[in-house]
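Here are the chains, one letter per residue:
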Amino acid sequence: MDVKIKNQTIAEFLNSLLDVNSNDHLINTAKVSLNTCEGLANSLKVYKNTLEDSADNPEKNGEATKASGERKREEFSEEKLKDQLEQIETSMSSLARDVTSHMESEDTSLTKLETLVTKCVQIESCQSYLRCIDHIEHLSCSLQSAILVDSNVKAIDCYQEMVSLFEKLRGSTCKNLLEYLKNTIRFWSATLKERLNKELSSVMKSMEWPFVAALSSQKAKPSATSSEPAAIKSNLTRIFHQLLSIRLPSDIAEQVLLHPMIASIPNYKQPIEPIAMLVEPLKKRFQYHFYGNKPTNNIEKPEWFFTQLLTWAKAHADCITTVIQPALWDAGYDFVNGHIEFLRSLHTIAMEKLITCVPDIMYDEHLYSHLIRETLSFHSDMCTAHDYPPDEPTCLHILTAEETFKKWIIIEKKFAQEKMDTITSSPTAWTSQFNAELEDDDQFKAVECAESFITLLTTITERYEHLPYAVCQLMFVCMKQELLEDFRVRLVQLRKEFSTTSAPYLAILNTSRYIVSFLKEWTERPFFIKLQYQARLLSLDNSQLSTLLPTLLSRDASYQLPSSIDVDDIEDLECTLFNTSIANISSLEDEMLKSLAHHVTTDLKAKLRTYADNSQSMWTALSHLKHKEEQHMVTLSATACDFIIYLESSLVLGFEALQQQLFTQFWQQVVQELDRLIFHLVIAENHFSEGGVVQFKFDMTRNLFPVVGRYTSKPENFLKM
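Keep in mind that this is a model prediction, so the values were computed, not measured. (Residues numbered from 1 in each chain as written. Predicted model: local features only at pLDDT ≥ 70, side-chain atom pairs only at ≥ 80, totals over all residues. Heavy atoms only, no water.)

Brief notes about the overall build of the protein
Within the protein, the regular secondary structure consists of 26 helices and 0 strands. The 721 residues of the protein split such that 44% are buried. Entry remark: accessible area of the protein is about 39000 Å², with carbon and sulfur atoms responsible for 52%. (Helix = DSSP H or I, 4+ residues; strand = E, 2+ residues; numbered from the N terminus. Buried < 20%, exposed > 50% of the residue type's maximum accessible area, 1.4 Å probe, protein only. Areas by Shrake-Rupley, 256 points an atom, 1.4 Å probe, with all protein chains shown as cover.)

Rendered as structure tokens:
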């Protein structure tokens, strides 16, 4: 009975499927029906298997007599189910064909519909495109109308709305529309900027800006006849605020054409628009006087234009601080330091001038050297007198360009070598620059040659320590190392021209110690520690600096010093930039000191041998000096006077002429060798009576010890014989 109901339900369901006329309903119902038919077929197969199992096991269904009737009914139901299953499979096949046919027809309709939708989208895009153009033209008309009625506020509102439209369309693929909008924004920005520039010029004219008429007097300030300070500040604030409002977005703003040397300066920034407008009249005056055929445009006198820029910086400093800076803050330029912006603009003017004049004088050594001195002086004045940050763009960036800087190094080295020739050949090279009283207080006993050479090195250091690039500073260090070696060679040659105990020889010895002491001080300066750390980062040791740095200069001159160094990194620095120079000069010093000590001890040896030979008979004959009364009558041996007097005069000469540490090393070497000679030449080679021992002890302790005792509290520690 249940089977019949199920079969009847399936048939009715299939008929309802075949009677469906709606296309969409047919497609959706067909998908559900296919899944339902598969489920019914599986259910019938399970039911069939169940009946077959029941037929094979009659004991499970009751008595044997009922099994036969049940089997017949089951067989009948099975056949009926098979028929219905076949009908279902036939219906499924038919339904699949209908669905496939319907899908094919619908694909054609769908393609036509997609084409129609695409056309609609294109039409809508064209409408939006035209609406954008119409909106841009409408904003342009409104902006122009606002300008005609002198309404800057309304004009700026229209401009900002135009910029907002650009921000919305930034990701659009309509490149022509974006380009049109960009050009429109640029045009109106330039127009508004020109109007505001005229207004700013009018305001600054009322303040008598620029202050070029009061250069020789006190700092220029707004004149008493000018507008009220409050009105000036209000107008400046309004104009600066409007200039800030019409700034171009970064991807619209056109790059200002700069010389490649200026554009390549790291972190170079153009001055903000208000400052650029304020500097423009000064720039025009500068170009008028220092370009073209004007008498003031003299490449031999770079100090003229540098002085002019410094004068302008001084004349306008007070106005920038008290008037311009507050107006900038009120206008919304919280991130701007007007003073630095103004000085950077003046530096840009100077850099542009340097770029034009350097090629003309670079191969004239004297003119180029003069230009470098004036540029360094200008940089120093800007940083010290006007508080210009040294890490900002400066004229030194122009001098550190590859070819320009190489020429600078060549000239610097040549002039330094010429200066060393003058220093060493001076008639007073080996005499002290101080009078006798001051000379006694001079712990280094420095002579004119040493002082002049250290002054030369210090001057060179002051010239390059403010350079913006570490590679350039390291190249100067290489040059200084070469100068140190050259000077050492000169000292080696000069010392051969003088006798060992002469004043020039001792002065050369003092000069060596003086230079070494200065080099050791330099190695502890933070500047040189940073340079050494930089050389380590570049994987350069002292022997590689001179050969690899020119290559690094052309490859990456902008490599800068690190702002800070970790303490652990400092401890890892095994050597300093001047280790080689210190070692070489110290070696010369040790060699000269040994030669001096050897010269003195050689003469002492001859005199000591005379003392030993002439006193031999006396030491064995003096046997009667047994009593204390007799011992008090002992006097210095006549033969001992010679070597003791020579020793004292040699030590006095060394004390007066040598630097204190050098003298200490000198007398200790002499006395220790003297102690050895006394033992071998006097004590070991002679026989002493009791009286002779008393005489020898008197000669040593009462006469030799006091000579040495002038320089040490315990001479017995050095005279142990």
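Quick word on the layout of surface pockets
In this structure, the second largest pocket occupies an estimated 720 Å³ of space. What lines the second largest pocket is a set of 28 residues, among which Pro390, Asp391, His466, Leu467 and Pro468 lie closest to the centre. Going through the elements one at a time, helix H11 (365–385), helix H15 (448–464) and helix H16 (470–495) are the ones with two or more residues in the lining of the second largest pocket. Sorting elements by how many residues they give to the lining of the second largest pocket places H11 first, with 6 residues. (1 Å grid on protein atoms, 1.4 Å probe; cavity = no way out; pocket = protein on both sides within 12 Å on 5 of 7 lines; lining within 4 Å. Points joined across faces, edges and corners; volume = space filled by probe spheres on them.)

A few points about the packing of helix H24 (residues 640–657) against helix H25 (residues 660–683)
Their axes nearest at 9 Å, the elements H24 and H25 cross at an angle of 165°. One way to sum up the angle between H24 and H25 is to call them roughly antiparallel. Taken as a pair, H24 and H25 cross one another with a handedness that is right-handed. Contacts from Phe643, Leu647, Ser650, Leu651, Gly654 and Phe655 in H24 reach Phe663, Phe666, Trp667, Val670 and Leu674 in H25. (Axes fitted to C-alpha atoms, helices over the stretch in contact; angles between N-to-C directions. Parallel < 35°, antiparallel > 145°, perpendicular 65-115°, else oblique. Left-handed = near helix turned anticlockwise from the far one by under 90°. Contact = heavy atoms within 4.5 Å.)

Here's the deal with a nonpolar patch on the surface
Together, Leu110, Leu113, Leu116, Val117 and Val121 line one region of the surface with nonpolar side chains, adding up to about 430 Å² of accessible area. On the secondary structure map, Val117 appears in helix H3 (residues 64–148). (Patch = residues over 30% accessible without salt bridge, like charges linked within 9 Å, V, L, I, M, F, W, Y side chains within 5 Å. Salt bridge = Lys/Arg side-chain N within 4 Å of Asp/Glu carboxyl O.)

A look at the packing of aromatic side chains
What the rule picks out here adds up to 28 aromatic pairs. Both rings, one in Phe187 and one in Trp188, keep their centres 4.9 Å apart while their planes meet at 70°; by these two values the pair is edge-to-face. Classification of Phe187 as partly exposed rests on a relative accessible area of 48%. Classification of Trp188 as buried rests on a relative accessible area of 8%. A centroid spacing of 6.4 Å and a plane angle of 70° characterise the contact between Phe518 and Trp522, whose relative ring orientation is edge-to-face. Of this pair, Phe518 and Trp522 are both found in helix H17 (residues 503–523), 4 residues apart, which corresponds to roughly one turn of the helix. (Phe/Tyr/Trp six-rings, centres within 6.5 Å; stacked < 30°, edge-to-face > 60°.)

Structural notes on the nonpolar core
Counting residues in hydrophobic clusters, the biggest one holds 179 residues, and the most contacted among them are Leu236, Phe240, Ile324, Tyr368, Phe643 and Phe666. Every residue in contact with Phe666, bar those within four places of it in the chain, is listed here: Leu593, Leu596, Ala597, Val600, Ser650, Leu651, Gly654 and Leu658. (Core = buried A, V, L, I, M, F, W, Y, C linked by side-chain atoms within 4.5 Å.)

Topic: H11
Three- or four-residue spacings in an α-helix give side chains the same orientation, since the helix completes a turn every 3.6 residues. Taking 1.5 Å per residue as the helical rise, H11 with its 21 residues ought to reach 30 Å, and the 29 Å between its terminal C-alpha atoms agrees with that figure. With its phi angle positive at about 60°, Asp387 sits one or two positions after the end of H11. (Expected span 1.5 Å × (residues − 1).)

Examining a negative patch on the surface
Among the surface-exposed residues, Glu79, Asp83, Glu86 and Glu89 lie close enough to one another that they form a single negatively charged patch. Relative to the elements of secondary structure, Glu86 occurs in helix H3. (Lys, Arg positive; Asp, Glu negative; His and termini not counted. Charge placed at Lys NZ, Arg CZ, Asp CG, Glu CD.)

Considering the packing of H11 against helix H13 (residues 402–425)
Two elements in contact, H11 and H13, have axes separated by 10 Å at closest approach and are oriented at 105°. Relative to H13, H11 is oriented roughly perpendicular. Contacts between H11 and H13 pair Glu365, His366, Tyr368, Ser369, Ile372 and Leu376 from the former with Thr404, Lys407, Trp408, Ile411, Lys414 and Phe415 from the latter. The residue inventory of the contact of H11 with H13, partitioned by class, reads 6 nonpolar, 3 polar and 3 charged. (Nonpolar A, V, L, I, M, F, W, Y, C, P; charged D, E, K, R; others polar.)

Some remarks on the pattern of salt bridges
Evaluated as defined, the whole model comprises 20 salt bridges. Note that Glu341 is salt-bridged to Arg344, the shortest N-O span being 3.1 Å. Of this pair, Glu341 and Arg344 are both found in helix H10 (residues 338–361), 3 residues apart, which corresponds to roughly one turn of the helix. Across the pair, exposure class does not vary: Glu341 and Arg344 are buried alike. Of the charged contacts, one joins Lys414 and Glu365 as a salt bridge, the two residues approaching to 2.8 Å between their closest N and O atoms.

Notes on the environment of Tyr129
Counting through the fold element by element, Tyr129 comes out in helix H3. Given a relative accessible area of 30%, Tyr129 falls into the partly exposed group. Remark: the alpha-carbon pair of Tyr129 and Cys174, spanning 45 residues in sequence, is separated by 8.7 Å.

Describing the confidence of the model for the protein
Of all residues in the protein, 79% have pLDDT values of 70 or greater, and the mean over the chain is 81. Counting contacts from residues 555–571, a segment whose pLDDT is below 50, to residues more than four positions away or on other chains yields 32 contacts. (pLDDT = per-residue confidence, 0-100.)

Section: unusual backbone geometry
In this chain, Trp209 is followed by Pro210 through a cis amide linkage whose omega measures 0°. Located in the positive-phi region is Asp150, a residue other than glycine, with phi close to 60°. Here Asp150 lies in the loop between H3 and helix H4 (152–168). Judged by its relative accessible area of 57%, Asp150 falls in the exposed class.

Some remarks on the environment of Asp699
In this structure, Asp699 sits in helix H26 (residues 690–709). Under the relative-accessibility criterion, Asp699 is labelled buried at 0%. Between the alpha carbons of Asp699 and Cys641 there is a distance of 9.0 Å; along the sequence they are 58 residues apart. Ignoring anything within four residues of it in the chain, the contact list for Asp699 reads Tyr611, Thr635, Leu636, Ser637, Ala640, Ile644 and Leu704.

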